[in-house]
Amino acid sequence: ESNVMNKRNLKFIIFPIIVVLLLGTIYAVIFSRWKDKTPATYEQVWSVLEENGYTPTDTTEHFINNWKEQNTLKGVLNKAVTVQQDDIRFDYYMFDSKSTADYYRGLYISYTRSNRYDVKNVEFSERLANYTIYTIKAAGMYTAVVMVDNTLVFAYSDSENSSVIYDMIVDIGYFDKD
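Residues numbered from 1 in each chain as written. Predicted model: local features only at pLDDT ≥ 70, side-chain atom pairs only at ≥ 80, totals over all residues. Heavy atoms only, no water.

In terms of regular secondary structure, the protein is built from five helices and seven strands. Each helix (α) and strand (β) of the protein, taken in turn from the N terminus, gives the series α-α-β-α-β-β-α-β-β-β-β-α. The burial tally for the protein puts 39% of its 178 residues in the buried class. For the protein, the exposed surface amounts to about 10,500 Å²; the carbon and sulfur share of it is 56%. (Helix = DSSP H or I, 4+ residues; strand = E, 2+ residues; numbered from the N terminus. Buried < 20%, exposed > 50% of the residue type's maximum accessible area, 1.4 Å probe, protein only. Areas by Shrake-Rupley, 256 points an atom, 1.4 Å probe, with all protein chains shown as cover.)

Rendered as structure tokens:
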């Protein structure tokens, strides 16, 4: 009888230890990814675009005027820089607040879903810490919408040049290198 009691007691000891170890592992995996990203500066993005062989343009006034005409202007756009070359388009915005960046993130995702969505697509979405990532590869296009605090990147290219967009976003620190 004492041997049966020892086995039963052992089960009550081992089971909670296994549960705690499993929960600890899950917690470690989730929270190891839960780190803030540093918002890229206008100057940093400009340099990265040049280093990648592109000629950036300050498009701050262009977007302010464009959004006023479309009646979608909200908050304050502090700075914007754009690269447009062949099928590569890369827009970076620095807004007055995270809520303004989030507003435009929503507009760009809606635009992307209504204009680039295809039955055959590869879509990825992640919201952690201070950043949100949305990418889709569909209808022969690759699109990325990435928000870090009060900054936003909207970039796209033909699918075969998705690595160019991906690498630029890695270079500004918004995607982790694989």
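Let's shift gears to the pattern of salt bridges. What the rule picks out here adds up to three salt bridges. For arginine 89, the salt bridge identified is with aspartate 91, shortest N-O distance 3.1 Å. Like arginine 89, the residue aspartate 91 is buried in the burial classification. The closest approach of N and O atoms between aspartate 102 and arginine 105, which form a salt bridge, is 2.7 Å. Here the residue aspartate 102 and the residue arginine 105 both occupy positions in helix α4 (residues 98–116), the gap between them amounting to three residues, near one helical turn. A relative accessible area of 26% means that aspartate 102 is categorised as partly exposed. Given the relative accessible area of 13%, arginine 105 is considered buried. (Salt bridge = Lys/Arg side-chain N within 4 Å of Asp/Glu carboxyl O.)

This part covers the sheet that holds strand β6 (residues 141–148). In space, the seven strands of this open sheet follow the order β1-β2-β3-β7-β6-β5-β4, with antiparallel pairing throughout. The strands lining the two open edges of the sheet, one partner per strand, are β1 (57–58) and β4 (121–128). Direction of pairing for strand β3 (residues 88–95) relative to strand β7 (residues 151–158): antiparallel, over a ladder of six bridges. Across the sheet, the residue bridging to phenylalanine 90 is alanine 155, located in β7. Contacts between helix α2 (residues 42–51) and the sheet are confined to β1, β2 (77–85) and β3, with β2 contributing the most and set at about 5° to the helix. (Pairing = 2+ DSSP bridges. Contact = heavy atoms within 4.5 Å. Axes fitted to C-alpha atoms, helices over the stretch in contact; angles between N-to-C directions.)

A few words on the layout of surface pockets. When its volume is computed, the largest pocket comes out at roughly 310 Å³. Phe63, Asn66, Trp67, Gln70 and Tyr108 are, among the 16 residues lining the largest pocket, the residues nearest its centre. Elements with a minimum of two residues in the lining of the largest pocket: α3 (60–69), β3, α4 and β7. The greatest single-element share of the lining of the largest pocket, amounting to five residues, is contributed by α4. (1 Å grid on protein atoms, 1.4 Å probe; cavity = no way out; pocket = protein on both sides within 12 Å on 5 of 7 lines; lining within 4 Å. Points joined across faces, edges and corners; volume = space filled by probe spheres on them.)

With that settled, the discussion passes to the nonpolar core. Soluble globular proteins tend to bury their nonpolar side chains together. Core analysis: the largest hydrophobic core is formed by 27 residues, its most contacted members being Phe90, Tyr92, Val146, Val153, Ile169 and Tyr174. Elements with a contribution of two residues or more to this core: α2, β2, β3, β5 (131–138), β6, β7 and α5 (162–171). In this structure, Phe63, Tyr108, Val145 and Tyr156 belong to the second largest nonpolar core, which totals 20 residues. (Core = buried A, V, L, I, M, F, W, Y, C linked by side-chain atoms within 4.5 Å.)

Turning to α3, a few remarks are in order. Within α3, burial applies to Thr60, Phe63, Ile64 and Trp67. Viewed along the axis of α3, the buried residues span an arc of 100°, placing them on a single side of the element. Away from the buried face of α3 by more than 90 degrees, exposed residues Glu61 and Glu69 are located. In the core, the buried residues of α3 are packed alongside β1, β2, β3 and α4. One or two steps after α3, the chain reaches asparagine 71, where phi turns positive at roughly 60°. (Arc of directions from axis to C-beta.)

Don't take any of this as a statement about function, it's just geometry.
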